[in-house]
Amino acid sequence: IHLLKHEHGDQIIILIIKFLFCQFQELYFKNLSKRNKQIMEKNGNNRKLRVCVATCNRADYSKLAPIMFGIKTEPEFFELDVVVLGSHLIDDYGNTYRMIEQDDFDINTRLHTIVRGEDEAAMVESVGLALVKLPDVLNRLKPDIMIVHGDRFDALALATSAALMNIRILHIEGGEVSGTIDDSIRHAITKLAHYHVCCTRSAEQHLISMCEDHDRILLAGCPSYDKLLSAKNKDYMSIIRMWLGDDVKSKDYIVALQHPVTTDIKHSIKMFELTLDALISFNKRTLVLFPNIDAGSKEMVRVMRKKGIEHHPNFRAVKHVPFDQFIQLVAHAGCMIGNSSCGVREVGAFGTPVINLGTRQIGRETGENVLHVRDADTQDKILQALHLQFGKQYPCSKIYGDGNAVPRILKFLKSIDLQEPLQKKFCFPPVKENISQDIDHILETLSALAVDLGGTNLRVAIVSMKGEIVKKYTQFNPKTYEERINLILQMCVEAAAEAVKLNCRILGVGISTGGRVNPREGIVLHSTKLIQEWNSVDLRTPLSDTLHLPVWVDNDGNCAALAERKFGQGKGLENFVTLITGTGIGGGIIHQHELIHGSSFCAAELGHLVVSLDGPDCSCGSHGCIEAYASGMALQREAKKLHDEDLLLVEGMSVPKDEAVGALHLIQAAKLGNAKAQSILRTAGTALGLGVVNILHTMNPSLVILSGVLASHYIHIVKDVIRQQALSSVQDVDVVVSDLVDPALLGAASMVLDYTTRRIY
């Protein structure tokens, strides 16, 4: 009442009300914040994890961006802080921090940490400058965990600062081996880091050997592969034209990216000069990216300008290409050349040929698309490599990832218990055996996709490393090439998708098919008469392109031998022979632990060993072959003859009118006492036995394995023939019936499981 009497009383009352409202509002939000904090503390690890991602350059951002996007999509679990430093903020290197902004990430802090000079001293000073500036940033952000990538000197400064300030560190791509000072930096960061995300099994084993805690290592694959394997841009030609010109065609240009080798700068500059000379001589349109900021990069740029690369009509020199566009450029290039880790890692996902120069990536795991030129005195060796590689197309490689790294990493982050002691524990030898590849809740079974192309059925199976058939799919084998190849692709895609649900990691695809096969190229040269329209068929390329997996192809007889070597009675034996007795007769030979293919991929056609000069006609065009006597087709032929003469059926037997007479009816008749059927089976078994005797005299194996549905019916006759006909020196060789249920599928799988990173075996 007193204030109302005052000249400005009403204004004073309004101010008091506003003040009280602000006080109540502040109190309300404090209480709300306190209540939310109590709920989060009650939920323990369900509280938001504050993650700081620090990126130093365009290369590490391509690996960190998929993780950042993943974190951003789960705001209920994570808070993301982004710190940008290093060459991101330098105009000469493209001001690449802009691509982070274009990806709609809020940059919390920009740190200018690069001391110019591009020599060894400048690298040391840059690390020192970062160490001076980072503590204030980390004190302000107070992250629960910092994600650091790779092996750059900037990353070493980040890891050192975080470790000394008791901030947990998650290191991406530790355990790998390459050249230059990067190796030492990478391993130094490993020792500072609390958690590790690695890309390959070898890297995982290296981390374990370095005494890192196995429970804190996640084998996830490279995060950039999540983007690579899903990258589909039908308008890639517009990207090619934008960077290389309107007259350039797909697969008719080169991408060059070469960095200095800090431990041998002079030699790396000489190699770069020779590379440019070779590219000029090769006379193809080339996109040249400027080198990174390492010591020696300034001299490399001088070499480019001295040779007029920026003004040469065949060259386009650029400081930076956005990663999405860079993916399309390397995916459709005729070749990539240089010493960037991108060439030996990411480019393999597309099967693009790569020429890796010098020692910068020495020790890296590579796919078959990479040709190494370790050293060169003139341009000739590099030029020859260009002629060998340019325009080729290799199977896609997934050594470094399967496209599912980010979900694994996010799950791993959620599992981190902040209540655990911060102090690292080192696991000194003895090192645990490689039993589990991932953290307990992401255990996966290493598996292969196995395909069996039979005369009647087409089968696809997921097969584990132990030879267990996790799941099997069966369809009738179509009669035409188009239908058959489409069905194979469809079944394999469905099986690969199902494998993820079954917690199986598919390492590759193995295909078993009838006929003569070139396993080096993955081509069916000539098929059997049972599979039509199946000559000169490239099976590797369509499957590899569709599934982004390595693909192996071989003859079904060879696959049966491989199955016995890995899972069956041939395990551990140096020399043995497998004979398949089915619709036809096939086989495989293992000599000195290796499969024999022969000079024209025709070895082990054991069904066409001639055992009689005047025997019945064979499907191969000859006569008197084992297959003409002992195959399922031969027995079916004889059964039909008996049936037509009413000499097949005996008491207790019947053949329905709608059922074709086959080999099984002949076997049944023989068991029921049909003398003619017994005579036919004895003749067939004798022919097979003579074939085995020839094999014993020729190959002198330590074991012969009979496989297939007819094997158990022939085994005793074959042994009798060996006793009567074989030399005494080989009569002790054992002949056994295979105990494998699906040798063709298991053999196809063994090609993948034994040779995941090899093409020729």
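Counting from 1, residues in each chain are numbered in the order their sequence is written. In view of the model being predicted, local features appear only for residues whose pLDDT reaches at least 70, and side-chain atom pairs are presented and counted only at 80 or more, with totals across whole chains, interfaces and linings using the full set of residues. In computing side-chain properties, one takes all heavy atoms of the structure into account and sets aside hydrogens as well as water.

Per an unreviewed UniProt entry, the recorded name for the protein is Bifunctional UDP-N-acetylglucosamine 2-epimerase/N-acetylmannosamine kinase, and the organism is Aotus nancymaae. Quoted straight from UniProt, the Subcellular location (unreviewed entry) entry for the protein says "Cytoplasm, Cytosol". UniProt positions are given in the numbering used here, feature names are shortened, and annotations may be inferred rather than shown by experiment. Quoted straight from UniProt, the Subunit (unreviewed entry) entry for the protein says "Homodimer. Homotetramer. Homohexamer. The hexameric form exhibits both enzyme activities, whereas the dimeric form only catalyzes the phosphorylation of N-acyl-D-mannosamine."

Engineer: Looking at this structure, how should I read the UniProt feature "active site" (unreviewed entry) in the protein?
Structural biologist: Mapped onto this structure's residue numbering, the UniProt feature "active site" (unreviewed entry) falls at Asp-556. Helix and strand definitions follow DSSP, with helices as H or I runs of at least four residues and strands as E runs of at least two, each counted in order from the N terminus. As for its placement among the helices and strands, Asp-556 is situated in helix α19 (residues 556-567). Burial here depends on accessible area, computed with a 1.4 Å probe over protein chains only, as a share of the maximum for the residue type. Under 20% is buried, over 50% is exposed, and the range in between is partly exposed. The exposure class assigned to Asp-556 is partly exposed, which follows from its relative accessible area of 28%. Reaching out from Asp-556, the side chain makes a polar contact with the side chain of Asn-555 at a distance of 3.4 Å. Definition of a polar contact: a pair of N or O atoms within 3.5 Å, with one able to donate and the other able to accept a hydrogen when the atoms are protein atoms, and with sequence-neighbouring residues admitted only if both atoms are side-chain atoms.

Engineer: Would you take a moment to explain the side chain of Asn-575 for this structure?
Structural biologist: Checked against the element boundaries, Asn-575 lands in the loop between α19 and β22 (576-581). For Asn-575, the side chain forms a polar contact with the side chain of His-591, separated by 2.9 Å. Within the local environment of Asn-575, its side chain forms a polar contact with the backbone nitrogen of Gln-592, the two atoms lying 2.9 Å apart. Excluding its chain neighbours within four sequence positions, the residues that come into contact with Asn-575 are Ile-590, His-591, Gln-592, Pro-701, Ser-702 and Leu-703. Residue contacts are defined here by distance: any two heavy atoms, one from each residue, within 4.5 Å place the two residues in contact.

Engineer: I would appreciate a short explanation of the domain arrangement of the protein in the present structure.
Structural biologist: For interface size, the figure often reported is the accessible area lost on association. As far as domains go, the protein holds domain 1 (46-227), domain 2 (231-389), domain 3 (443-568 + 749-760) and domain 4 (570-739). These domain boundaries are the output of an automatic or database domain assignment. Between the C-alpha centres of domain 3 and domain 4 the distance comes to 26 Å. Between domain 3 and domain 4, the residue contacts involve 21 residues of the former and 24 residues of the latter. Here the quantity called buried area is the accessible surface, traced with a 1.4 Å probe, that two parts lose on coming together, added over both. Here domain 3 packs against domain 4, burying approximately 1700 Å² in sum over the two surfaces, 58% of which is carbon and sulfur. Any carboxyl oxygen of Asp or Glu within 4 Å of a side-chain nitrogen of Lys or Arg constitutes a salt bridge here. Here domain 3 is connected to domain 4 by 0 salt bridges.

Engineer: Which parts of the structure should I look at to understand the nonpolar core?
Structural biologist: It is characteristic of soluble globular proteins that their nonpolar side chains tend to be buried jointly. Throughout this description, the term nonpolar core refers to a set of buried Ala, Val, Leu, Ile, Met, Phe, Trp, Tyr and Cys residues connected via side-chain atoms within 4.5 Å. Residues Met-146, Leu-158, Ile-254, Ile-337, Ile-355, Ile-382 and Leu-386 are the most contacted members of the largest nonpolar core, which totals 61 residues. When residues in this core are grouped by element, the largest group, 9 residues, is from helix α11 (residues 265-282). Taken domain by domain, the makeup of this core includes at least three residues from each of domain 1 (46-227) and domain 2 (231-389). For Leu-158, the residues in contact, after removing those within four places along its chain, are Ala-54, Cys-56, Leu-85, Leu-134, Met-146 and Val-148. The next biggest cluster of nonpolar side chains, apart from the first, holds 42 residues, and it includes Ile-589, Ala-684, Leu-710 and Val-733.

Engineer: Whenever I open this one, the sheet that holds strand β21 (residues 551-555) confuses me. Can you help?
Structural biologist: Any two strands with at least two DSSP bridges between them are considered paired. Read from one edge to the other, the open sheet built from 5 strands follows the order β16-β15-β14-β17-β21, with strand pairing classed as mixed. At either end of the open sheet lies a strand with only one pairing partner, and these are β16 (469-476) and β21. Within this sheet the neighbouring strands show an average axis-to-axis angle of 20 degrees, counted without direction. Alignment of strand β14 (residues 445-453) against strand β15 (residues 457-464), held across 7 bridges, turns out to be antiparallel. When the sheet's bridge partners are listed, Leu-453 is paired in β15 with Leu-458. Here α19 sits on the sheet in contact with β17 (504-513) and β21, set at roughly 105 degrees to β21. Axis definition: a line fit to C-alpha positions, over the contact stretch in the case of helices; interaxial angles, taken between N-to-C directions, run 0 to 180 degrees.

Engineer: Got a minute to help me understand the packing of helix α17 (residues 481-501) against helix α18 (residues 540-547) in this structure?
Structural biologist: Two measures define how a pair of helices packs: the angle their axes make with one another and the distance between the axes. The geometry of α17 relative to α18 is characterised by a closest axis approach of 11 Å and an angle of 35 degrees between their N-to-C directions. For α17 against α18, the interelement crossing comes out right-handed. Taken together, the residues of α18 that come into contact with α17 (itself represented by Ile-485, Ile-488, Leu-489, Cys-492, Val-493 and Ala-496) are Pro-542, Leu-543, Thr-546 and Leu-547. Following the grouping adopted for this structure description, the nonpolar residues are Ala, Val, Leu, Ile, Met, Phe, Trp, Tyr, Cys and Pro, the charged ones are Asp, Glu, Lys and Arg, and the polar ones are all others, Gly among them. When its residues are assigned to classes, the contact of α17 with α18 shows 9 nonpolar, 1 polar and no charged. Handedness of a helix crossing follows the sense of rotation of the near helix relative to the far helix, less than a right angle counterclockwise being left-handed and clockwise being right-handed.

Engineer: Is there a simple way to explain the environment of Thr-359 in this structure?
Structural biologist: With respect to the element layout, Thr-359 can be found in the loop between β12 (354-357) and β13 (370-373). Residue Thr-359 is classed as partly exposed on the basis of its relative accessible area, which comes to 38%. Sequence separation between Thr-359 and His-597 is 238 residues; the distance between their C-alpha atoms is 36 Å. When neighbours within four sequence positions are excluded, Thr-359 is seen to be in contact with Gly-179 and Val-261.

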